[in-house]
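What follows is the residue order along each chain.
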Amino acid sequence: MTAPWPEVLVPYAYLARAALAGLFGGGLCAVAGVYIVTMRLSFLGVCLSHGAFAGALFGLLAGIHPVPGAIAFSLLTAAGVGPLADRGEVGPDTAIGILFSLMMGLAFLFLGLLPAHREEALGLLWGNILTVSGAEVAMLAGTTLGMLAVIILFFKEIQSVACHRDVARATGVPDTVVFYGILCLLGVVMSVTLPSIGGLLVFSLVINPAAAALQWCRRFRTTLLVAAILGVGCCWAGLAISWWFSLPAGATIVLVSTVVFAVSLVLSPRRRNTRWTVPAT
């Protein structure tokens, strides 16, 4: 007698969790990437992802769950970029580079001090979307809903600061508060996607779908939607390829996102229309 269909599907529950993680994580990273690319702070994604990785290692060292530590360190990194760039005599790229080197040093320090959990630490470095738990999927879903709520409530303010910060300041938008808020939101996104995508690979999933969407879209709202679709699509396509050919899931997802960007760059209307402009409202 064959087993009822729910019991038959139980061995594939990990694939369902991975697909949901790709849905929420891919959309989160891609939408966050639109803001990073629009503000021309792509290196910020690298800095925040390594800050989250350092915080996750600190969490393991302190005997707590790695995600709260990742969020704390990424928020500290995000909060540090703003003052260094706004009040110090350095540019944003220099400020990000300083914090990046600090977080890299802390990450290697914590990794060297870990008496155990080395395998779990390496998992956070490379990520494994196929082993995400139900709790991690729920955390991704909650973060997605929270990010959507923030974007809907403060869409005009966030967009104005991301696209034209000086103009936003001139029109009375509290650009410093909004800018720091964007950085903190990006830090949370990097942290919650760390277990599934990994500290080294999440940057690519943040940048590639967003950069691909910007090759096709004129309007900012459309860019956000297309980037989210591409991010989810890259995750699902990478999962399917990795499952079929027994390849590492995280690396496959990143390679798929790179191919998507390359194809978008080749076929982009920008190459055929010299009047193509930055996406507007």
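A short tour of the structure in this document, coming up. (Residues numbered from 1 in each chain as written. Predicted model: local features only at pLDDT ≥ 70, side-chain atom pairs only at ≥ 80, totals over all residues. Heavy atoms only, no water.)

1. Re the overall build of the protein
In step 1: Broken down by element type, the protein carries 14 helices and 0 strands.
In step 2: Each helix and strand of the protein, ordered N terminal to C terminal, gives the series α-α-α-α-α-α-α-α-α-α-α-α-α-α.
In step 3: Taking all 281 residues of the protein together, 48% fall into the buried category.
In step 4: Intrachain contacts of the protein at a sequence separation of at least 6 include 77% that bridge at least 24 residues.
In step 5: Accessible surface, the protein as shown: approximately 13600 Å² in total, 71% of it carbon and sulfur. (Helix = DSSP H or I, 4+ residues; strand = E, 2+ residues; numbered from the N terminus. Buried < 20%, exposed > 50% of the residue type's maximum accessible area, 1.4 Å probe, protein only. Contact = heavy atoms within 4.5 Å. Areas by Shrake-Rupley, 256 points an atom, 1.4 Å probe, with all protein chains shown as cover.)

2. Observations regarding the packing of aromatic side chains
In step 1: Under the defined criterion, the tally for this structure stands at 7 aromatic pairs.
In step 2: With centroids separated by 5.5 Å and ring planes inclined at 35°, the aromatic side chains of Phe-58 and Phe-73 adopt a geometry described as tilted. Highlighted residues: Phe-58 in helix α3 (residues 42-62) and Phe-73 in helix α4 (residues 66-86), separated in sequence by 15 residues.
In step 3: The exposure class assigned to Phe-58 is partly exposed, which follows from its relative accessible area of 35%.
In step 4: On the basis of relative accessible area, Phe-73 is assigned to the buried category, the value being 13%.
In step 5: Ring centres of Phe-58 and Phe-110 lie 5.4 Å apart, and the angle between their planes is 50°; on these two criteria the pair is classed as tilted. Here Phe-110 lies in helix α5 (residues 92-113) and Phe-58 lies in helix α3, a separation of 52 residues in the sequence.
In step 6: An aromatic cluster of at least three residues, connected via ring pairs, comprises Tyr-35, Phe-155 and Phe-220.
In step 7: It is Arg-165 that lies over the ring of Phe-179; its NZ or CZ is 4.3 Å from the centre. (Phe/Tyr/Trp six-rings, centres within 6.5 Å; stacked < 30°, edge-to-face > 60°. Lys NZ or Arg CZ within 6 Å of the ring centre and 35° of its normal.)

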